[in-house]
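# Working through the structure, step by step
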Amino acid sequence: TGGCSFDKAGACTKCNFGRGTNFTEEEVTSSLTKQFAELKGKPGIVITPSGSLFDDKEVSSKLRREIYRLVKENGIKYFATESRAEFITPEVIKEMKELLGDGVKIEVGLGLETIDPDVSKYSINKMLNLDIYQKAVDLLRAANIEVFTHVLLKPLFLSEKEAYEDALKTIQWAFAEDGGRTDRVGIGLMNLKPYTLTY
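So, here's what we can say about the structure. Here the structure is a predicted model, which is why all the values come from computation and not from measurement.

The rules behind these values
Residues numbered from 1 in each chain as written. Predicted model: local features only at pLDDT ≥ 70, side-chain atom pairs only at ≥ 80, totals over all residues. Heavy atoms only, no water. Buried < 20%, exposed > 50% of the residue type's maximum accessible area, 1.4 Å probe, protein only. Helix = DSSP H or I, 4+ residues; strand = E, 2+ residues; numbered from the N terminus. Arc of directions from axis to C-beta. Contact = heavy atoms within 4.5 Å. Polar contact = N/O pair within 3.5 Å; in protein donor to acceptor, adjacent residues only side chain to side chain. 1 Å grid on protein atoms, 1.4 Å probe; cavity = no way out; pocket = protein on both sides within 12 Å on 5 of 7 lines; lining within 4 Å. Points joined across faces, edges and corners; volume = space filled by probe spheres on them. Nonpolar A, V, L, I, M, F, W, Y, C, P; charged D, E, K, R; others polar.

Next up on the list: helix 5 (residues 117-124). For helix 5, the set of buried residues is Val119, Ser120, Ser123 and Ile124. Within helix 5, the buried residues cover an arc of 110 degrees as seen down the axis, which keeps them to one side. With respect to the buried face of helix 5, the exposed residues turned more than 90 degrees away are Pro117 and Tyr122. Where helix 5 is buried, its residues touch strand 3 (105-113), strand 4 (146-153) and helix 7 (160-175). For helix 5, the N-terminal capping position is held by Asp116, with its side-chain oxygen 2.8 Å away from the main-chain nitrogen of Asp118. Backbone geometry just after helix 5 places Asn125 at a positive phi near 60 degrees.

Dropping the structure here:
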């Protein structure tokens, strides 16, 4: 895609996903059509843009509908994607569910990274409000969509011990009934991406 709109705006010290390739929607659709043809008989697919599938600045509603059409027409039974929590709305969920139909299991990944507001603000520059994350989880779970939560291990400026403790605390909260109530957690290890503050 053209890249993550948050990175383009200067957010996230660790990420360079705002530097996309600016393919046209026709090129993306053509590429996806070829990829789906090679997936015949496969049970599932994960399609992730550079940032968020539900961000209209990155992936238009028209392109999303085309993706859903390809998933359904090719008999895919499991579809996973990811998005920032800010873009999870009743409207995008309703459209996805209606176009994919009842026969497709859906999972959406959300980048939580940390539950510590200071780490989120000063180490990651993500500044995700936990209320926004929890609202997104509520909407997804109400629609019978599974939630995959991303947790970052070793944000900038933290010692190894601090980073371990932060990740553990975040994972425990993500699974807790009075916390994130996620279905699964993935631990993302910090890596060095050129043109980022972390690099």
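After presenting the structure, the write-up continues.
Attention now moves to the layout of surface pockets. Taken as a whole, the largest pocket encloses approximately 550 Å³ of empty space. Lining the largest pocket are 26 residues; nearest its centre among them are Lys14, Cys15, Phe17, Glu82 and Glu113. Those elements that place two or more of their residues in the lining of the largest pocket are strand 2 (78-83), strand 3, strand 4 and strand 5 (184-189). Across the lining of the largest pocket, the residue classes tally to 10 nonpolar, 10 polar and six charged. Quantified by volume, the second largest pocket comes out at close to 290 Å³. Lining the second largest pocket are 16 residues; nearest its centre among them are Thr1, Val28, Leu32, Ile47 and Thr48. Of all the secondary structure elements, the ones that give two or more residues to the lining of the second largest pocket are helix 2 (25-38), strand 1 (44-46) and helix 3 (61-73). Element by element, the count of residues in the lining of the second largest pocket is highest for helix 2, at four residues. When grouped by side-chain class, the residues that make up the lining of the second largest pocket number 11 nonpolar, four polar and one charged.

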